[in-house]
Amino acid sequence: HHHIRHHHTRGSALKMNAPDRFELFVLPEGAKKVSYSKDTNIPNAGTFIIEREDHTLGNPIRMQLHKDPDVLFAGYKVPHPLEHCIHIKIQTRPTTNPVDVLKHSVDELISELSTVERSVKSEQERMESIQGSGSYL
């Protein structure tokens, strides 16, 4: 009997901690989507906090930053599962700065995703012209 009660308690605690989907994606009143703080110890380095994002955005941004030869270090972390934000730390060569390389990396990602989107749309249109709408799904 005690085992069952304990299990039930654990179950509801887990449900309580699972964040509301709304909470995961909607920015609280007055909160900034992106904030930046310059590192005072390391030259050309700083940390971005991006609110209401997780690995879905953090990982591709980190990978894109690694492609940039001006980036000396790029990493990100989700500080806590109940804090719905990511921290991206960047150090660059002296010829540029973290803000510019992050902007460039995000532009590059958007461009890559747009190319994929166009390819998917043209393949979808090709399939529909052959088979009629919906039947290939």
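The preceding data block contains the structure.
The structure contained in this document is the topic of the report that follows. Note that the coordinates shown come from a computational prediction; the quantities given were computed from them, not determined experimentally.

The rules behind the values
- Residues numbered from 1 in each chain as written.
- Predicted model: local features only at pLDDT ≥ 70, side-chain atom pairs only at ≥ 80, totals over all residues.
- Heavy atoms only, no water.
- Helix = DSSP H or I, 4+ residues; strand = E, 2+ residues; numbered from the N terminus.
- Buried < 20%, exposed > 50% of the residue type's maximum accessible area, 1.4 Å probe, protein only.
- Expected span 1.5 Å × (residues − 1).
- Contact = heavy atoms within 4.5 Å.
- Polar contact = N/O pair within 3.5 Å; in protein donor to acceptor, adjacent residues only side chain to side chain.

**Some remarks on the environment of Asn59**
- When you line up the elements, Asn59 lands in helix H3 (residues 55-66).
- According to the relative accessible area criterion, Asn59 is partly exposed, its value standing at 27%.

**What about helix H4 (residues 98-131)?**
- Given a rise of 1.5 Å per residue, 34 residues ought to cover 50 Å, and the 49 Å separating the end C-alpha atoms of H4 matches this to within 8%.
- Within H4, burial applies to Pro98, Val101, Leu102, Ser105 and Leu109.
- Residues of H4 that are buried in the fold lie against strand E1 (34-38), strand E2 (45-51), H3, strand E3 (71-77) and strand E4 (85-92).
- One side-chain oxygen at the N-terminal end of H4 lies 3.0 Å from the backbone nitrogen of Val99; it belongs to Asn97.
- Phi for Gly132, located one or two positions after H4, is positive at around 85 degrees.

Function cannot be read off these values alone, since they describe shape.
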